[in-house]
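Breakdown of the fold
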Amino acid sequence: MALVTESAAVSHVGRVRSNNQDSGYAGQSLFAVADGMGGHAGGDVASALALNKLLEIDGEYSSAVDAEFALQEAIVSANAILAEAVYEHPELTGMGTTLSALVRVGHSVALAHIGDSRIYRFRDGKLTQITTDHTFVQRLVDNGRITAEEAKVHPRRSVLMRVLGDVDSTPDVDLQVMDTRPGDRWLLCSDGLTGVVENDDIAKTLAEHPAPQEVADLLVKESLDHGAPDNVTVVVVDISESFTGSTYIAQTVGAASRPVAYGGAQGKKATRMPGLRLHPRGPGSAEPSHFEAQGDDYLDELIDEDRRRSRKRKLTWLIGGVVVVVAIAAALLLGYQWTQTRYFVGQTNGHVAIYQGIQQTIGPISLSHVYEDTGISIDQLPAYMQTQVESTISADTIDAARATVQSISDTVPRG
Ligand code: CA
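Since the structure is predicted, the reported quantities are computational estimates derived from the model, not experimental observations.

Some thoughts on the sheet that holds strand β16 (residues 343-348)
Sheet architecture is open: four strands sit in the order β18-β17-β16-β19, paired in antiparallel fashion. Looking at which strands have only one partner, the edges of the open sheet turn out to be β18 (365-377) and β19 (393-395). Going from strand to strand, the sheet's axes swing by 35 degrees on average, the running direction of each strand aside. Here β16 pairs with β19 via three bridges, running antiparallel. Looking at the pairing, Tyr343 lines up with Ala395 of β19. Relative to β16, helix α9 (residues 383-390) is tilted by about 115 degrees, and along the sheet it contacts β16, β17 (351-362) and β19.

Remarks on the coordination of the calcium ion
Every protein donor of the calcium ion is accounted for by Asp35 (OD), Asp35 (OD), Asp191 (OD) and Asp230 (OD), and the metal-donor separations fall at 2.2 to 3.2 Å. Spacing between the donor residues of the calcium ion along the chain follows D-x155-D-x38-D. Taken together, the residues span a long stretch of sequence, with Asp191 in helix α5 (residues 191-194) and Asp230 in the loop between α7 (212-225) and β13 (232-241) at a distance of 39 residues. Relative accessible area serves as the criterion here: at 16%, Asp191 is assigned to the buried category. In this structure Asp230 comes out as buried when scored by relative accessible area, which is 9%.

Brief notes about the pairing of β18
In this sheet, β18 lies alongside β17 in antiparallel orientation, the contact comprising eight bridges. Its bridge partner being in β18, Gly357 is matched across the sheet by Ser368. Here β17 folds back onto β18, and the loop between the two strands holds two residues, one of which, Gly363, carries a positive phi near 55 degrees.

As for a nonpolar patch on the surface
Among the surface-exposed residues, Leu315, Leu318, Ile319, Val322, Val323 and Val326 lie close enough to one another that they form a single nonpolar patch of about 570 Å² accessible area. Counting through the fold element by element, Val323 comes out in helix α8 (residues 295-339).

A look at the sheet that holds strand β7 (residues 118-123)
Taken in spatial order, the five strands line up as β1-β13-β12-β7-β8 in an open sheet, and their pairing is antiparallel. Two strands lie at the open edges of the sheet, namely β1 (3-12) and β8 (126-129), each paired on one side alone. When the angles between neighbouring strand axes are averaged without regard to direction, this sheet yields 20 degrees. As paired strands, β1 and β13 are joined by 10 bridges and run antiparallel to one another. What sits directly across from His12, in β13, is Val232. Docked against the sheet, α7 engages β1, β12 (185-189) and β13, running at close to 30 degrees with respect to β1.

A closer look at the confidence of the model for the chain
Across the chain, the average pLDDT comes to 87, with 89% of residues at or above 70. Between residues 264-288, whose pLDDT stays under 50, and residues either more than four places distant or in other chains, the model counts 47 contacts.

Here's the deal with the nonpolar core
Most often, soluble globular proteins have nonpolar side chains that are buried together. Within the largest apolar cluster, 35 residues are counted, with the highest numbers of intra-cluster contacts made by Leu30, Leu54, Leu71, Met95, Leu99 and Leu164. Per-element accounting of this core gives the leading share, 10 residues, to helix α2 (residues 64-88). Setting aside residues no more than four positions away along its own chain, Met95 makes contact with Met37, Gly38, Gly42, Val45, Ala46, Leu49, Leu82, Ala85, Val86, Leu164, Gly165 and Asp166. Cys189, Val220, Ala228 and Val236 belong to the second-largest nonpolar core, a separate cluster that totals 21 residues.

Notes on helix α6 (residues 199-208)
The complete set of buried residues in α6 reads Ile202, Ala203, Thr205 and Leu206. Along the long axis of α6, the arc covered by the buried residues comes to 165 degrees, so they all point the same way. Opposite its buried face, α6 presents the exposed residues Asp200 and Ala207, each directed more than 90 degrees away. Elements in contact with the buried residues of α6: β7, β8, β12, α5 and α7.

Thoughts on the packing of α6 against α7
The angle between the axes and the distance between the axes are what describe a pair of packed helices. Packing of α6 against α7 brings their axes to within 9 Å, and their N-to-C directions diverge by 155 degrees. Relative to α7, α6 is oriented roughly antiparallel. When you trace α6 past α7, the crossing you get is right-handed. From α6, Asp201, Ile202, Thr205 and Leu206 reach across to α7, where they touch Val215, Leu218, Leu219 and Glu222. Taken together, the residues that form the contact of α6 with α7 break down as five nonpolar, one polar and two charged.

The rules behind these values
- Residues numbered from 1 in each chain as written.
- Predicted model: local features only at pLDDT ≥ 70, side-chain atom pairs only at ≥ 80, totals over all residues.
- Heavy atoms only, no water.
- Pairing = 2+ DSSP bridges.
- Helix = DSSP H or I, 4+ residues; strand = E, 2+ residues; numbered from the N terminus.
- Axes fitted to C-alpha atoms, helices over the stretch in contact; angles between N-to-C directions.
- Contact = heavy atoms within 4.5 Å.
- Donors = N, O, S within 2.8 Å, 3.2 Å for Na, K, Ca; no water.
- Buried < 20%, exposed > 50% of the residue type's maximum accessible area, 1.4 Å probe, protein only.
- Patch = residues over 30% accessible without salt bridge, like charges linked within 9 Å, V, L, I, M, F, W, Y side chains within 5 Å.
- Areas by Shrake-Rupley, 256 points an atom, 1.4 Å probe, with all protein chains shown as cover.
- Salt bridge = Lys/Arg side-chain N within 4 Å of Asp/Glu carboxyl O.
- pLDDT = per-residue confidence, 0-100.
- Core = buried A, V, L, I, M, F, W, Y, C linked by side-chain atoms within 4.5 Å.
- Arc of directions from axis to C-beta.
- Parallel < 35°, antiparallel > 145°, perpendicular 65-115°, else oblique.
- Left-handed = near helix turned anticlockwise from the far one by under 90°.
- Nonpolar A, V, L, I, M, F, W, Y, C, P; charged D, E, K, R; others polar.

Structure, rendered in structure tokens:
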């Protein structure tokens, strides 16, 4: 039985940025997301040029390996187109784009990936990230330097190690072929989604809503509900069985849905998201969504910076620890000093004695000591007074303690 796909693509500028540098595509067999970078002008050009080149290979393939090869060729061509555009428009220097693409062929999918957009497979209620981010922080995670949780909030989380652009003429693209089956739901998205919406929440939305268009709209809405600091693009692809040939309408969204304007002027236009138009946008921001790690010097600099941050963190903990220890010691000292302003009358070696301190002990440490042995023998005292002295009589001051000793001595029978 032939497998068919049902899909949807949605892209939104988000609540903070002034233009959408993401592009998305859902077609016959090809599905893709590209996230451009390069300041106010360039990012949208890069993602649009790359995606427009890629979608030329949408169509039927006799094998997934053929599709994988077509993906590879198209991506190398897209990379060359970006380099050419920068050559013709030097003001675009430094522009680049991520690209994550999927081509379905029968019961297989061919995947191509570069950058930090992601491809997930949702199967039997379980969401699995298939691609690995080509980011600086992912490298730190892989090397065990930071945890995945730390990576999410790392100040350098946007730094990409690999990207399509004008830097490298032979981009290092991850390629793979995997199986797919009815019921599989594939999700391609830019980091505008995964940067703010937790995987568990993404999985919940994928599980609860059957229509790809509804799911894609809801995921974008979730990103907006979380403040959408970045452009967000979502492509959802459902694999199902059908007797009839599938019909599809190719959807191109984001920067690639508009004519490429090298001046970056199209960034001022509103994005086409009728369903989500009511969400107000935040103030514009020209801050680039990514910047690419260029050259080993730069990478070394970043690693040094990370080491410095790690050392600073350790130092902060050390200073914090010392402060806590000093505070505890000071509290203990003050407490001890207070105990030494107290006195009580008790007995030592058969004599009545004045003690300084209080009767409590902390473990092996006694908080009192004999201050004065009065020389008055306990045996001389009447029985009731012996009992009182043995159970101790407290006194606020040394004078009060001496007065107590005087009254004890007065009970000694004469003769
Ligand atoms: Ca982004």
